[in-house]
Amino acid sequence: MMQSLVMKDCSKQCARELLETAPLLVQFIRDQVRGRLAAGPSLPQFRALAFVSRMQNSSLSAAAEHLGLSLPATSRLIDGLVAKRFVERRTVSTNRRQVALALTLRGQATLETVRNAIRRRLVESLRLLPDTEQQTVLQGMKLLRGIFSESHACGRSSPDTGKR
């Protein structure tokens, strides 16, 4: 009973730390995209490229939902990425009216360039920690990825029980 109470308290502390830390990490990434990569894609374009990379052949609607934009705003954003030859629209073979989004080779290369620049800055920041603490962060991130993976984050688990 006491151990269960301590575990619940620890879960609350973890949740509090996640809510406080995640926005700081997101802001760090935003700053890197905005500041260091001024010639590259804008932050919304970067987010769209990352989404299309993860979800090859996704629809415009799925991109809009992920980005938190309206369908017309997402369409304009994707139009800009198509014009820069970062993204291409493909007709779905089973439904000619449906369009799938895919990264071009240029889009993949641009996304990797941006990601590599951000990784370099993250490495610089993480080097401030001793190796043992870096290992702790690594293990924690792996655990979080498992908990918040796409399949889990898409609402396939029950909010009350955590069961699928």
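Residues numbered from 1 in each chain as written. Predicted model: local features only at pLDDT ≥ 70, side-chain atom pairs only at ≥ 80, totals over all residues. Heavy atoms only, no water.

*Asks:* It is not clear to me how the overall build of the protein chain should be interpreted in this structure. Could you clarify?
*Replies:* Within the protein chain, the regular secondary structure consists of seven helices and two strands. Helices and strands in the protein chain line up, N terminus first, as α-α-α-α-β-β-α-α-α. For the protein chain, the proportion of its 164 residues judged to be buried stands at 21%. Put simply, of all contacts in the protein chain between residues at least 6 apart along the chain, 44% involve residues at least 24 apart. (Helix = DSSP H or I, 4+ residues; strand = E, 2+ residues; numbered from the N terminus. Buried < 20%, exposed > 50% of the residue type's maximum accessible area, 1.4 Å probe, protein only. Contact = heavy atoms within 4.5 Å.)

*Asks:* Whenever I open this one, the packing of helix H2 (residues 43-54) against helix H3 (residues 60-67) confuses me. Can you help?
*Replies:* If you want to describe how two helices pack, look at the angle between their axes and the distance between the axes. Contact geometry for H2 and H3: axes closest at 10 Å, N-to-C directions at 125°. Relative to H3, the element H2 is oriented oblique. Seen from above, H2 lies across H3 with right-handed handedness. The segment H2 lies against H3, with Arg47, Ala48, Phe51 and Arg54 engaging Ala62, Ala63, His66 and Leu67. (Axes fitted to C-alpha atoms, helices over the stretch in contact; angles between N-to-C directions. Parallel < 35°, antiparallel > 145°, perpendicular 65-115°, else oblique. Left-handed = near helix turned anticlockwise from the far one by under 90°.)

*Asks:* Teacher, can you tell me more about the pairing of strand E1 (residues 87-92) here?
*Replies:* Residues in a regular strand point their side chains to alternate faces of the sheet. Two elements, E1 and strand E2 (residues 95-103), share six bridges in a ladder whose sense is antiparallel. Bridged to arginine 89 within E2 is leucine 101. Between the end of E1 and the start of E2, which pair antiparallel, lie two residues. (Pairing = 2+ DSSP bridges.)

*Asks:* Honestly, the nonpolar core in this entry has me stumped. Any pointers?
*Replies:* When a protein is soluble and globular, its nonpolar side chains tend to lie buried together. Grouped together as the largest cluster of nonpolar side chains are 20 residues, with contacts concentrated most on Phe46, Leu49, Leu81 and Val87. Mapped by element, the contributors of at least two residues to this core are H2, H3, helix H4 (71-83), E2 and helix H5 (105-126). Counting residues per element, this core draws most heavily on H2, which supplies seven residues. Residue contacts for valine 87: discarding those within four places in its chain leaves Leu49, Ile78, Leu81, Val82, Leu101, Ala102, Leu103 and Thr104. (Core = buried A, V, L, I, M, F, W, Y, C linked by side-chain atoms within 4.5 Å.)

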